[in-house]
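The primary structure of each chain is shown beneath.
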Amino acid sequence: MLYTLPDGRIVDLTCVSDVSPIRDFGVDSKSIVKSRLGFTIFLNKREMLDVVDYYHFSDWAIVKKRLNMIREEILSSLEKVESTG
């Protein structure tokens, strides 16, 4: 089963081994005022995909909620894939 991330990347859910909790990736090196929040998708071949969104300190809760929805959707889709075989 394929899952399309908001940035257009496509993940084959049958290759996902784990999904990390949401964490702060720190300040974006290209910006003084933006920080990065996200989670990592671990694939079977030791590959990792970072799902990251940028936030200003006042936007933190909105970005975390959006990322949490994406993460929960991926975990729910993974459960469906695992239950079907």
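Preceding block: the structure.
Residues numbered from 1 in each chain as written. Predicted model: local features only at pLDDT ≥ 70, side-chain atom pairs only at ≥ 80, totals over all residues. Heavy atoms only, no water.

Draft legend 1. Inspection of unusual backbone geometry at higher detail. Unlike most non-glycine residues, R46 shows phi in positive territory, near 60°. With respect to the element layout, R46 can be found in the loop between strand 5 (35-43) and strand 6 (48-55). Take R46: its relative accessible area is 82%, and that puts it in the exposed class. (Helix = DSSP H or I, 4+ residues; strand = E, 2+ residues; numbered from the N terminus. Buried < 20%, exposed > 50% of the residue type's maximum accessible area, 1.4 Å probe, protein only.)

Draft legend 2. Broad picture of the pattern of salt bridges. Using the criterion set out here, one finds three salt bridges in the structure. A salt bridge links R9 to D7; the shortest N-O distance between them is 2.8 Å. On the basis of relative accessible area, R9 is assigned to the partly exposed category, the value being 30%. On the basis of relative accessible area, D7 is assigned to the exposed category, the value being 51%. (Salt bridge = Lys/Arg side-chain N within 4 Å of Asp/Glu carboxyl O.)

Draft legend 3. Focus on the side chain of D28. Relative to the helices and strands, D28 is located in the loop between strand 4 (23-27) and strand 5. Despite its burial, D28 remains without a salt bridge, the nearest opposite charge being carried by R36 at 4.8 Å. Among all residues touching D28, those that are not within four sequence positions of it are K34, S35, R36 and Y54. (Lys, Arg positive; Asp, Glu negative; His and termini not counted. Contact = heavy atoms within 4.5 Å.)

Draft legend 4. Seen up close, the nonpolar core. Judged by nonpolar contacts, the single largest core of 20 residues is most densely connected at V11, L13, V16, F39, I41 and I74. Elements with a contribution of two residues or more to this core: strand 3 (16-19), strand 5, strand 6 and helix 1 (60-84). Ranked by the residues each element gives to this core, the list is headed by helix 1, at six residues. Other than its neighbours up to four places away in sequence, V11 contacts M1, L2, Y3, L5, V16, I41, L43 and L49. (Core = buried A, V, L, I, M, F, W, Y, C linked by side-chain atoms within 4.5 Å.)

Draft legend 5. A look at the pairing of strand 5. The buried count for strand 5 comes to seven of nine residues, which makes it a mostly enclosed element. By the bridge criterion, three bridges tie strand 3 to strand 5 in an arrangement that is antiparallel. Following the sheet pairing, D18 is matched in strand 5 by F42. Where strand 4 lies against strand 5, four bridges are found, and the strand directions are antiparallel. Paired with G26 across the strands is R36, a residue of strand 5. Bridge count between strand 5 and strand 6: eight bridges; the pairing is antiparallel. Bridge pairing in strand 6 links S35 to Y55. (Pairing = 2+ DSSP bridges.)

Draft legend 6. Local environment of the environment of M1. Locating M1 in the fold gives a position in the segment before strand 1 (2-4). Distance in space between the C-alpha atoms of M1 and V11 is 8.4 Å, their sequence separation being 10 residues.

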